[in-house]
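Remarks on the overall topology
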Amino acid sequence: MRVTIERPGRNRSKAPNRAVGAARSRAERARACGLLALAFLGAAFVSTCSGDSNDDVQPPDDIPITRTDLEPDERAPGVVVQIVALSGGSGPNASFRPGDRITLEYTLDKDDGSPWNASEMPITRAMMSGPTSSYQRVIAAQDDVRTRSTPLGDGRFLYTIAVPIPDGYLAPLNDTTDFGVADGERTDQPLLDGTYTVGLTFGWDYTVDGQPFRDAGETTADFLLGDSAVLVARAVTSQGNCNRCHFELRAHDDLHRDVKVCVLCHTAGAEDLNDSSIEDGTPRVSVEMRVLFHKIHNGKHLPSVVGVAVVNDDGDLTHDAAPIPYRVVGADGVVHDYSAVDFPAFPGRSIPMPKDLGHGALSAEAQERDDLVRTGVTDCRICHGDPDGSGPLEAPAQGDIIHAQPSRNACGACHDDVDWNRNYRVNQAVPMPPQANSSGCNTCHFVLGGPLDVIDAHRHPMLDTIFEPHAPFTSAFNTGVNVDLISVGEADGSDQDGTLDPGEKVRVVFDLRDDAKEFVLAGDLDGLRAVISGPTGNTNLVHDVTLPTARLTGDPPYDTNLPERRQLELLGTSTALLGDVFTTLGTPHWHVAGALTRVSVRTGSGPTTSLAAPSEALQNFVDVVDANGFARDDFIVVDDGAGGLEEYARVQFVDGDRLWFSSPATPAYSGGLRFAHAAGASVVLVVLTPLTEGVDWSLDTGSGTVVELTEFGDGRAVLVDYVTDFVLPRRFPAAAHGSPDLDDAWGDWSGKLLVSGTYRFALTGWVDKVLEGVGVEDLYRITSPAATRDLLVGSAARVEPYQLISSGANCNACHQEFWFHEGTARSFDECIVCHAAAGAEDVPRYVAANAPGTPGVTVNFRTLVHQLHMGKRLDAADQLAVIAAGAAPYPDNFSVKSYATFSFPAQPAGVARCTACHGATNEAWKEPAPRAHPSEQDAPVQTWRAVCGACHDSAAAGAHIELETTPGGVEACAVCHGPGAQLAVDFVHQVR
């Protein structure tokens with residue numbers, strides 16, 4: 001009896017391969033330039049020799065042989081294989097028995113629906129495994145599909161597997177005594193009744209400009225064996241879930257691409273090929289799918305890799321064990337080291353799971369190791385559930401099996417500090433006794449309801465929400481904070497023309513609610529941050545401020561102007577007469593907790609030097625003749641006694657003879673100078689003494705008037721720090737962590753006139769909340785997604801939104817969501833409002849005084865994100881690093897983030913799949929946009945260098961960039977790489 005397999009309909013058109021004349025013309029032009037267009041793809045290929053001959057199968061006359069030497073613009077035709085029917089079963093209802101031979105009817109098509117012939121496939125394989133409840137090998141991979149297939153015409157074939165179904169299971173791949181029955185092996189045991197799977201794989205090899213590539217297609221079909229009556233397909237994960245991050249899962253020289261085929265070989269007991277001659281000192285490891293996949297994705301965080309292990313028979317852990325790299329020897333004998341794999345999903349990637357009892361007693365190094373383990377993979381739904389929420393993916397039909405059927409294999413893959421032959425104990429609990437097999441796992445580890453249960457033990461506190469509570473009948477830990485922008489625009493007193501203009505204040509009206517839609521009071525927040533940047537054509541930072549929540553009283557909605565902090569404003573000089581009156585430039589004073597006005601007077605002077613070079617307005621440093629005697633936290637005055645040019649600043653860092661102040665990223669220190677100062681201007685260290693409100697001075701907050709109550713002293717400079725309403729500036733302020741390393745050739749417009757256009761506003765709030773654990777307290781930050789609004793500034797008439805990334809959902813395909821900067825930034829909209837800013841740099845030494853220098857390192861996304869995702873493929877990966885900020889003095893709050901181990905998971909071609917981030921239909925990434933300031937550009941903006949040089953960082957690439965840039969800074973890149981050019985960006989980044 002013949003069993004038909006239900007498949008989608010097929011397009012039977014016999015359209016020939018499309019014309020390639022234009023492609024050949026482009027390729028010829030590229031070769032004439034002496035360039036290899038596909039060098040950017042970095043494709044690797046290892047041929048697989050099947051030893052088969054195709055002489056036995058001849059293509060029908062109406063199916064032309066497909067060319068295998070494609071032009072650079074020519075796409076591979078695609079390999080689409082489907083099993084449409086199975087026959088050969090001798091049991092009832094066409095079920096199979098041992099001794100039966102399986103005959104498959106299959107179709108072999110191209111993407112356009114036209115047929116292939118099996119004779120054109122150099123690699124063909126068929127295999128069988130089962131049952132679906134726990135796959136074991138039944139029929140090993142057969143390489144004779146091409147030679148034994150019978151053409152039926154129109155791309156249909158019949159193939160009978162020569163090997164009959166055996167009575168017992170085959171040994172797993174590379175079988176040794178290292179793994180056995182306890183690990184699920186059933187070698188030589190009789191076949192169980194159930195659902196079994198047959199798989200087909202076809203590989204077609206071709207070349208482009210002499211470089212080898214492979215196209216492949218795979219399929220599977222389930223059938224009944226024995227007396228089972230109902231098909232039960234295996235669906236613990238899905239191709240869609242894998243491809244959400246990998247895009248097109250590929251393995252074994254690009255041949256295998258279907259996760260349903262993977263399980264047919266990666267069965268219980270399967271092992272890698274390691275022996276002492278290949279990888280001495282590294283143990284032979286399981287490559288069973290539920291072991292291999294868990295360990296690969298958790299590589300960097302595996303206890304064995306980190307150095308955490310059971311230390312005694314009582315089951316106690318040590319955090320100073322010798323780390324064991326996680327290495328797998330592949331079928332080709334190549335050693336693959338997965339010890340640096342860092343699963344990209346947040347929040348687990350950046351925010352650790354709760355601490356175990358005793359964490360505080362560990363050494364600093366042991367705590368660091370423990371924290372690394374606790375930031376491993378815990379969000380099981382990404383692979384086994386519904387990772388995209390309301391998106392098109394659906395949870396695999398059997399995804400919940402992982403909760404109901406815990407096992408040594410699956411659970412021990414990540415929890416590999418467990419020694420199954422010894423006790424295991426954490427939190428001083430009763431130890432888990434040795435486990436001879438997986439039969440006792442359900443005794444303690446139920447599905448849901450307790451701290452040892454599978455769902456609850458893996459739920460991250462930040463994902464413990466009202467939508468997915470941590471356990472039945474308990475309240476959610478993360479109750480949520482949500483900001484709803486009601487309006488953003490001109491404040492009262494402005495011209496109210498619908499656009500913001502320099503000199504105008506900014507009014508914001510917003511609502512605060514939790515995930516249950518209940519009001520959140522501003523006073524209950526631990527932080528509320530607003531950022532403005534723009535224009536979208538070349539974003540620069542305009543304002544970054546934390547709103548003092550004490551100013552926001554009562555219930556939402558809240559209506560407020562944005563604040564700004566003004567520091568060391570010189571009010572004037574006191575006289576000998578009591579009752580001096582001073583008025584600030586800005587009004588009103590907010591003067592509430594977190595924004596108090598402070599008045600100080602100059603009471604002394606110290607060393608004096610002078611400017612060695614002129615300084616510009618808004619510059620956040622000065623170069624002096626001699627910096628001896630100056631130190632961090634000193635106050636200085638520049639142009640002392642020069643009337644309107646005299647101004648004060650606070651030194652943040654002494655770097656040789658350079659005195660650094662600050663940037664908007666570190667508001668505790670004074671920012672850039674307000675005025676330009678000539679070389680030779682005096683620089684004097686001064687002593688500033690704070691005065692007491694109500695005793696020494698009084699304040700009228702509305703008018704900004706400071707009145708002397710106690711004599712300040714005759715001839716003393718009076719200075720004030722205060723928070724007032726933000727006024728849109730006429731010129732761009734300094735870039736975040738800005739320095740002369742990046743100038744306007746990078747698009748940095750610091751100090752230049754504000755440009756009309758579309759600007760973005762973002763508002764984010766957060767609450768810090770303590771999680772009470774087993775005698776341990778963990779502090780977590782519950783943060784709102786950024787509420788954003790595009791604003792028109794100046795003469796702009798229409799909104800021009802950011803376009804380089806079509807949607808934050810592109811990022812979430814791998815990251816799920818963002819939780820950066822101690823959890824304060826958790827959405828793409830917030831990331832881009834800061835990291836789209838030209839001139840923004842990583843934490844500099846003037847902030848982290850002992851940090852290693854990272855000159856020229858930008859955190860602008862057009863460079864940073866390319867470098868991060870290129871990661872270990874960078875030519876100089878080991879030399880590139882970013883200093884990232886935290887919450888305590890260096891080095892405790894700063895860490896050096898290296899690029900050397902990062903690996904972009906998109907397959908194939910990695911970062912060459914530009915559409916993975918930019919969007920499948922987005923055109924904006926194909927050529928860097930112009931970024932020149934319309935009136936004050938000093939040097940041409942080198943947009944190509946900033947973007948392309950981020951990935952192409954080799955010495956040769958750098959020399960090429962320099963060669964194609966004129967001495968005046970003009971880039972000629974578009975001649976070859978612009979849209980439609982012979983080596984256009986999209987052309988050289990084709991994915992094959």
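Parameters at a glance
Residues numbered from 1 in each chain as written. Predicted model: local features only at pLDDT ≥ 70, side-chain atom pairs only at ≥ 80, totals over all residues. Heavy atoms only, no water. Helix = DSSP H or I, 4+ residues; strand = E, 2+ residues; numbered from the N terminus. Rg over C-alpha atoms; globule rule 2.2 N^0.38 Å. Buried < 20%, exposed > 50% of the residue type's maximum accessible area, 1.4 Å probe, protein only. Lys, Arg positive; Asp, Glu negative; His and termini not counted. Charge placed at Lys NZ, Arg CZ, Asp CG, Glu CD. Core = buried A, V, L, I, M, F, W, Y, C linked by side-chain atoms within 4.5 Å. Contact = heavy atoms within 4.5 Å. Salt bridge = Lys/Arg side-chain N within 4 Å of Asp/Glu carboxyl O. Polar contact = N/O pair within 3.5 Å; in protein donor to acceptor, adjacent residues only side chain to side chain. Pairing = 2+ DSSP bridges. Axes fitted to C-alpha atoms, helices over the stretch in contact; angles between N-to-C directions. Phe/Tyr/Trp six-rings, centres within 6.5 Å; stacked < 30°, edge-to-face > 60°. Parallel < 35°, antiparallel > 145°, perpendicular 65-115°, else oblique. Left-handed = near helix turned anticlockwise from the far one by under 90°. Nonpolar A, V, L, I, M, F, W, Y, C, P; charged D, E, K, R; others polar. Disulfide = S-S within 2.5 Å. pLDDT = per-residue confidence, 0-100.

1. Topic: the overall build of the protein
- Regarding its fold elements, the protein presents 20 helices and 36 strands.
- A globule of 992 residues ought to have a C-alpha radius of gyration of about 30 Å, and the protein, at 33 Å, matches this closely.
- A buried classification covers 49% of the 992 residues belonging to the protein.
- The distance from the centre of the 75 positive side-chain charges to the centre of the 133 negative ones in the protein is 5 Å.

2. Regarding the nonpolar core
- Membership of the largest hydrophobic core comes to 60 residues, with the highest contact counts inside it found for Val 508, Phe 510, Leu 562, Phe 761 and Leu 763.
- Leave out the neighbours within four places in its chain, and Leu 763 touches Val 483, Leu 485, Val 508, Phe 510, Leu 528, Arg 529, Ala 530, Pro 785, Ala 786 and Ala 787.
- Counting 36 residues, the second-largest nonpolar core is a separate cluster that includes Val 79, Ile 102, Tyr 206 and Val 208.

3. Focus: the pattern of salt bridges
- In total, this model carries 46 salt bridges according to the counting rule given.
- Arg 529 serves as the salt-bridge partner of Asp 544, at 2.7 Å between the closest nitrogen and oxygen. A residue pair is termed long-range when its members are at least 10 positions apart, and Asp 544 in strand β18 (residues 540-546) and Arg 529 in strand β17 (residues 527-534) qualify at 15 residues.
- Residue Asp 544 is classed as partly exposed on the basis of its relative accessible area of 24%.

4. What to know about helix α17 (residues 943-951)
- Along α17, the residues that are buried comprise Thr 943, Trp 944, Ala 946, Gly 949, Ala 950 and Cys 951.
- Where α17 is buried, its residues touch α15 (861-870), α18 (955-963), α19 (973-977) and α20 (985-988).

5. A short note on the side chain of Thr 764
- If you trace the backbone, Thr 764 turns up in strand β32 (residues 757-772).
- A polar side-chain atom of Thr 764 sits 3.1 Å from a polar atom in the side chain of Glu 830.

6. Describing the sheet that holds strand β27 (residues 658-660)
- Taken in spatial order, the 3 strands make up an open sheet running β23-β27-β26, and their pairing is antiparallel. Sheet topology places β23 (621-623) and β26 (653-655) at the edges, where each strand pairs with a single neighbour. Mean inter-strand twist for the sheet, computed between neighbouring axes without regard to direction, equals 15°.
- Pairing geometry for β26 and β27, over 3 bridges, is antiparallel. Bridging from a neighbouring strand, Val 654 pairs with Leu 659 of β27.

7. Considering the side chain of Arg 146
- In this structure, Arg 146 sits in helix α2 (residues 145-148).
- Residue classification places Arg 146 among the buried positions, given a relative accessible area of 6%.
- At 3.0 Å, the side chain of Arg 146 and the backbone oxygen of Met 121 are in polar contact.

8. Topic: the sheet that holds strand β16 (residues 506-513)
- With antiparallel pairing, 3 strands are arranged side by side in an open sheet as β15-β16-β19. Among the strands making up the open sheet, the edge pair consists of β15 (482-490) and β19 (558-561). Between one strand axis and the next, the sheet turns by 20° as a mean value, whatever way the strands run.

9. Some remarks on unusual backbone geometry
- The residue after Phe 346, namely Pro 347, is reached through a cis peptide bond having omega 10°.
- Locating Pro 347 in the fold gives a position in the loop between β14 (335-337) and α7 (364-374).
- The amide bond that connects Thr 587 to the next residue, Pro 588, takes the cis arrangement and shows omega of -5°.
- Its place among the elements puts Pro 588 in the loop between β21 (581-583) and β22 (598-610).
- Here Asp 209, not a glycine, exhibits a phi torsion of approximately 50°, which is positive.

10. Focus on the packing of aromatic side chains
- Within the structure shown, the criterion is met by 18 aromatic pairs.
- Taking 6.1 Å as the distance between ring centres and 40° as the angle between the ring planes, the aromatic pair formed by Tyr 326 and Tyr 338 counts as tilted. With a gap of 12 residues between them, Tyr 326 in the loop between β12 (317-318) and β13 (327-329) and Tyr 338 in the loop between β14 and α7 connect regions that are remote in the sequence.
- Judged by relative accessible area, which is 22%, Tyr 338 ranks as partly exposed.
- Ring geometry for Phe 477 versus Tyr 780: centroids 5.9 Å apart, planes at 80°, classification edge-to-face. A residue pair is termed long-range when its members are at least 10 positions apart, and Phe 477 in the loop between α12 (454-458) and β15 and Tyr 780 in strand β33 (residues 777-783) qualify at 303 residues. When sorted by exposure, Phe 477 lands in the same class as Tyr 780, which is buried.
- Three or more aromatic residues joined by ring pairs make a cluster, and in this case those are Trp 116, Trp 204, Tyr 206 and Phe 213.

11. As for the environment of Asn 860
- In this fold, Asn 860 is placed in the loop between α14 (828-835) and α15.
- On the basis of relative accessible area, Asn 860 is assigned to the buried category, the value being 3%.
- Residues Asn 860 and Cys 834 lie 26 residues apart in sequence; the distance between their C-alpha atoms is 8.2 Å.
- Those residues in contact with Asn 860 that lie beyond four places of it in its chain are His 835, Ala 836, Ala 837, Ala 838 and Ala 840.

12. Details of the packing of α15 against α17
- The N-to-C vectors of α15 and α17 enclose an angle of 10°; their axes lie 7 Å apart at closest approach. Relative to α17, the element α15 lies roughly parallel. The two elements α15 and α17 cross, and the hand of that crossing is right-handed. Taking contact as the criterion, the partners of Arg 862, Thr 863, His 866, Gln 867 and Met 870 in α15 are, on α17, Thr 943, Ala 946, Val 947, Ala 950 and Cys 951.
- Its residues assigned to classes, the contact of α15 with α17 comprises 5 nonpolar, 4 polar and 1 charged.

13. Let's talk about the state of the cysteines
- Scanning the entire structure with this criterion turns up 0 disulfides.
- Cys 383 takes part in no disulfide bond, and the closest cysteine sulfur, belonging to Cys 242, lies 6.3 Å away.
- Cys 914 carries a free sulfur, and the closest cysteine sulfur to it, the one in Cys 951, is 8.1 Å from it.
- Take Cys 914: its relative accessible area is 14%, and that puts it in the buried class.

14. Things to note about the environment of Thr 147
- Among the secondary structure elements, Thr 147 is positioned in helix α2.
- The spatial distance from the C-alpha of Thr 147 to the C-alpha of Thr 378 is 47 Å, given a sequence separation of 231 residues.
- Here Asp 144 takes part through its backbone oxygen, which lies 3.1 Å from a polar atom of the side chain of Thr 147.

15. A closer look at helix α3 (residues 239-246)
- Listed in full, the buried residues belonging to α3 are Asn 241, Cys 242, Arg 244, Cys 245 and His 246.
- Among the structural elements, α4 (259-265), α5 (289-297), α8 (381-384) and α13 (808-815) are those in contact with the buried residues of α3.

16. Some words on the confidence of the model for the protein
- Across the protein, pLDDT averages 90, with 92% of residues at or above 70.
- Within the model, the stretch residues 11-55 combines pLDDT values under 50 with 82 contacts to residues more than four positions away or in other chains.

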